[in-house]
Amino acid sequence: MTEQIIFYMLTAVVLFSALGVVLLPGVMHSALCLGLCLAGVAGLFAALGADFIFAAQILVYVGGIAVLILFVVLLAGTKADLTTRQINDAWLPALLICAAFSWSFDKITRYFSGIIATTAPHPTIRAMAGALLGDYAVPFELVSVVLLASMTGAVLFGRRKAE
Amino acid sequence: MMLSHYLAVSGILFTIGLFGVLTRRNIIGILMSIELMLNAANINFAAFNRFLYPGQHLGQVTVIFIITLAAAEVVVGLALVMAIYKNLKTVYVEKYNILKG
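Below, the structure is looked at part by part. (Residues numbered from 1 in each chain as written. Chains lettered and ligands numbered in written order. Predicted model: local features only at pLDDT ≥ 70, side-chain atom pairs only at ≥ 80, totals over all residues. Heavy atoms only, no water.)

## Topic: the overall build of chain B
- Helix and strand counts for chain B stand at three helices and zero strands.
- Start at the N end of chain B and walk to the C end: the helices and strands fall as α-α-α.
- If one aligns the C-alpha atoms of chain B with their principal axes, the spans along those axes are about 50 × 25 × 20 Å.
- By the burial criterion, 61% of the 101 residues in chain B qualify as buried.
- If you sum the accessible surface of chain B, you get close to 3800 Å²; carbon and sulfur atoms cover 71% of it. (Helix = DSSP H or I, 4+ residues; strand = E, 2+ residues; numbered from the N terminus. Buried < 20%, exposed > 50% of the residue type's maximum accessible area, 1.4 Å probe, protein only. Areas by Shrake-Rupley, 256 points an atom, 1.4 Å probe, with all protein chains shown as cover.)

Written as structure tokens, this is what we have:
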């Protein structure tokens, strides 16, 4: 019973704040809603028993990406943004595309209906560490190269032009 | 809770993010909607790991990789947004039409 209550509360937080991200006119409000939505997704990870992902989601998404987006929202923008409309003219085709997508997602969800968890969740940090430094060592190192490249790219694009 | 509950949440979140990508005029709003879609995929990975392969962890390893790559993506994307904003002084994507072609 407690599990159901927690799940539906987290779902309400995630979906309503996601709607806020997409529909609110002010980008600042959207960015704050994004932080709330990412925190709710972290709660869903905790409900799924994924302990390390829960911590990583809080650290990387809520603490890193949401704050970074907030900084950019504060840097890029003018006063006129508060009064101009933020939705383009293609909202009706977009709504149709989203209806098609949600119809197919509904099909897939029905295909997987009735599957319940048979075992209790258990901590996976030790096993994940073994996988990251064992079988998945090469992708792990490649991801660090990607991070280095993105850091270099961010510095390159963000620096002031040499006069 | 059943697997289909988590799949439904993830599907709705993905659809909301898709609607945002298709309709927002502000490029920062589009980036935020892309983050919503990535999070929907992450929920799916964790849920399939929990319900179909209990006792294993490879779905969660995949989520870690996705989170890392999403962080890299958003850093480069925001740096590009700031570079474009410095040149064009606007954040609306329909004004980004200086590419000759």
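## Observations concerning the overall build of chain A
- Helix and strand content of chain A: six helices and zero strands.
- Traced from its N-terminal end to its C-terminal end, chain A shows the element sequence α-α-α-α-α-α.
- At 20 Å, chain A has a C-alpha radius of gyration far larger than the 15 Å of a compact globule built from 163 residues.
- Taking the principal axes of its C-alpha atoms as reference, chain A extends roughly 60 × 40 × 30 Å.
- Expressed as a percentage of its 163 residues, the buried residues of chain A come to 32%.
- Within chain A, contacts between residues separated by at least 24 positions form 52% of all contacts whose residues are at least 6 apart in sequence.
- Total accessible area computed for chain A in this model is approximately 10200 Å², and 74% of it derives from carbon and sulfur atoms. (Rg over C-alpha atoms; globule rule 2.2 N^0.38 Å. Contact = heavy atoms within 4.5 Å.)

## Observations regarding the interface of chain A and chain B
- In this complex, chain A contributes 86 residues to the contact, which on the side of chain B involves 67 residues.
- On inspection of chain A and its partner chain B, the count reaches zero salt bridges.
- Among the secondary structure elements, those contributing two or more residues to the side of chain A that touches chain B are α1 (2-23), α2 (27-47), α3 (51-75), α4 (91-111), α5 (125-133) and α6 (137-158) of chain A.
- For the side of chain A that touches chain B, a count of residues per class yields 61 nonpolar, 20 polar and five charged. (Salt bridge = Lys/Arg side-chain N within 4 Å of Asp/Glu carboxyl O. Nonpolar A, V, L, I, M, F, W, Y, C, P; charged D, E, K, R; others polar.)

## Comments concerning α3 of chain A
- In this model α3 of chain A runs 35 Å from its N-terminal to its C-terminal C-alpha over 25 residues, within 8% of the 36 Å that 1.5 Å per residue would give.
- In the structure, α3 of chain A departs most strongly from a straight axis at Gln57 of chain A, where the bend amounts to approximately 25 degrees.
- Of the positions making up α3 of chain A, those classed as buried are Ile53, Ala56, Gln57, Tyr61, Ile65, Ala66, Ile69, Val72 and Val73 of chain A.
- Contacts from the buried residues of α3 of chain A go to α2 of chain A together with α2 (27-52) and α3 (58-88) of chain B.
- Within two residues after α3 of chain A, Gly77 of chain A carries a phi angle of roughly 155 degrees, on the positive side. (Expected span 1.5 Å × (residues − 1). Bend = angle between axes of the 7 residues up to and from the residue.)

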